[in-house]
Amino acid sequence: MKTRARYDQVILPTYAPPAPVFVRGSGSQVWDEDNNNYIDFGGGIAVLSLGHCPPVLQHAINKQAATLMHLSNLHINAPAVHAAQLLTEHTFAERVFWCNSGAEANEAALKLARRYGVMQRASKSKVLSFENAFHGRIGLTMAATPQSKIREGFGPLAPGFYSSPYNDLAAAAAALDNDFCAIIVEPVQGEGGINIATDEFLQGLRALAKQHDALLLFDEIQSGAGRSGKLYAYMNSGVIPDILTSAKGLGGGFPVAAMLAAANIAEVLNVGNHGTTYGGNALATAAAAAVLETLLADGFLAGVEERAAEITRRLTDINNKHHCFSAIRNSGLLIGCDMEENGAKNWSAKELATTALAEGLIVLTAGSNTLRLAPALNIPAQDIKEGFARLEKVIAAHRSRRS
Ligand SMILES: *Cc1c(COP(=O)(O)O)cnc(C)c1O
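What you see is a predicted model, and the numbers here were worked out from it, not measured in a lab. (Residues numbered from 1 in each chain as written. Predicted model: local features only at pLDDT ≥ 70, side-chain atom pairs only at ≥ 80, totals over all residues. Heavy atoms only, no water.)

(A) Structural view of the packing of aromatic side chains. Applying the stated criterion to the full structure yields 6 aromatic pairs. Aromatic side chains phenylalanine 92 and tyrosine 234 sit 5.5 Å apart centroid to centroid with 85° between the ring planes, which places their arrangement in the edge-to-face category. Note that phenylalanine 92 is positioned in the loop between helix 4 (78-90) and strand 4 (95-99) and tyrosine 234 in helix 10 (residues 234-237), a separation of 142 residues in sequence. On the basis of relative accessible area, phenylalanine 92 is assigned to the buried category, the value being 15%. A relative accessible area of 4% places tyrosine 234 in the buried class. An angle of 65° between the planes, with centres 5.7 Å apart, marks the rings of tyrosine 166 and phenylalanine 201 as edge-to-face. Of the two residues, tyrosine 166 sits in the loop between strand 6 (161-164) and helix 8 (169-175) while phenylalanine 201 sits in helix 9 (residues 199-211), which places them 35 residues apart along the sequence. Exposure class is identical for tyrosine 166 and phenylalanine 201. Each is buried. Three or more aromatic residues joined by ring pairs make a cluster, and in this case those are Phe130, Tyr166 and Phe201. (Phe/Tyr/Trp six-rings, centres within 6.5 Å; stacked < 30°, edge-to-face > 60°. Helix = DSSP H or I, 4+ residues; strand = E, 2+ residues; numbered from the N terminus. Buried < 20%, exposed > 50% of the residue type's maximum accessible area, 1.4 Å probe, protein only.)

Shown next, in the form of C-alpha cells:
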C-alpha cells in the first residue's frame, strides 16, 4: 500500500494534505517518493531558515546527539546556556525560557504576564490581542486567538481575553483599562495573511502598555529568527517589547522555542512557577545555537534582504503581466500576495497552491485568500529563478483556461 493511503488510516484527520509523500530534501529542493522534484517556497511554514538538511545543522545535531541529548531541567546543560546567551547578547532580552513549540512559548509569555498583573492585584489579568491574530491552539494561546475556526467547539475558553482591530490604535486605546496585564501582538501577522504592523501602531501600543502598566508581548514565532531581514522584526520598528516569543525558524527544523524577557519582568516567576520536561534540552538548544550563529554571521541577514527584493520584484513582474494579485506585501522573506478576486481571473490561493504543487512548486496560503511565501533565508538564486518559472507557468495556464 502506498504511504498516502496508509496516512488516512493511521493519522488523526486534522490536516488534509495533498497526495505527494516527501522523502528527501536538500537546500530549497525536495523530492517525493516517485522522485519528482519540487522547489520549496514554503520553507516548512517559515521553519527551514537554512533550507533542508543544512550541513551546519546536521553537524551540530549529530555532534550533540553523540555527546549529550537530554538531562532534564533539574540539571544544567551547556548548550542551553550558550544558545540563551546568543539570544540575550543580540536582543533586548536578559532572560530566556526554553520550550518546544510556538504555542508553549506564548503560553509561558501569557503566564508570565498574568503573574506580573495578578501579583499586583487579582483583577489585573486581562489580555488584549488583535483580530486575525494567531498565537496558538492550546490554553491561554487559544483564548488569545480571536478566530472562531480555532477556538469554537472546545467548551469554555480561558476568561479575560479581549480583541480589537489590528493597526487601529484608537480601538486598542478604547479597549484597554488598568486591569489589563498584557497586550500581545504579532509585528507581522503570519497566519492572518502577512499583515504588517505600522511603526505608529507598535509605538502607540508601547505607550498604551506603559500607561496601563501592562506588558507588551511580541509574538515573533513566524516573523523572528532572521525572517524579516533583522534577527527579530521588532528591530525594524525600534519598539522594544517586554516579552518576545520565538519558535519556527529558531531551530531550522528542529523543534525548539524560546520566550525572551527583560530581567525585571522575568523575576516575577520563581522556582516551581513554570516548567517543561523537554524544553531546552541539550539537543534542541545545540540546534538553536547553530541556527543563531549562522543568522548572526557577517552578511547573512543582508542576504535575506537581497533575496526578498529579488522575489518581490519577480512577483511584481508576474502581476504586471497577469494581474493575478491585488496586493503584494512582505517583511523580508515573509511574503503575502492577496489574490485578485475580480471577474474571470478570480481564483483562490488554495487552488493556486494545489496547481503549483503539481508543477513542482511548494507555496503556502494565509488569511482569507493570500498566497504566502516563506522560503529558506539562504535560498539559492537558481532555485528562485526555477521556482518562478514554475509559478509563472501555473499562472499563465490558469489565465488561458479562464479567458
Ligand atoms: C506558528 C505560530 C504559533 C504557534 O506555533 P506552534 O509551534 O505551532 O505551536 C504562534 N504564533 C505565531 C505567530 C505563529 O506563526
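(B) Structural context of the site of the ligand. Around the ligand sit Ser101, Gly102, Ala103, Asn106, Phe134, His135, Glu186, Asp219, Ile221, Gln222 and Lys248, and those are all the residues in its vicinity. Residue alanine 103 places a main-chain N or O atom 2.7 Å away from an oxygen atom belonging to the ligand. Lysine 248 has a polar side-chain atom sitting 2.6 Å from an oxygen atom of the ligand. Coverage of the ligand by the protein chains reaches 81% of its 380 Å² of free accessible surface. For the shell around the ligand, the element with the highest residue contribution is helix 5 (residues 102-118), accounting for 3 residues. (Near = heavy atom within 4 Å. Polar contact = N/O pair within 3.5 Å; in protein donor to acceptor, adjacent residues only side chain to side chain. Areas by Shrake-Rupley, 256 points an atom, 1.4 Å probe, with all protein chains shown as cover.)

(C) Spatial organisation of the side chain of threonine 245. With respect to the secondary-structure elements, threonine 245 resides in strand 11 (residues 243-246). Only 2.7 Å separates the side chain of threonine 245 from the side chain of asparagine 106, close enough to count as a polar contact.

(D) Representation of the pattern of salt bridges within the structure. Considering all chains together, one arrives at 12 salt bridges under this definition. As a salt-bridge pair, arginine 372 and glutamate 191 come within 2.8 Å of each other at their nearest N and O atoms. Here glutamate 191 lies in the loop between strand 8 (188-189) and strand 9 (195-196) and arginine 372 lies in strand 17 (residues 370-373), a separation of 181 residues in the sequence. For arginine 372, a relative accessible area of 3% translates into the label buried. Looking at glutamate 191, the relative accessible area reads 25%, which means it is partly exposed. Salt bridges linked by common partners bring Glu310, Arg313, Arg314 and Asp317 together as one network. (Salt bridge = Lys/Arg side-chain N within 4 Å of Asp/Glu carboxyl O.)

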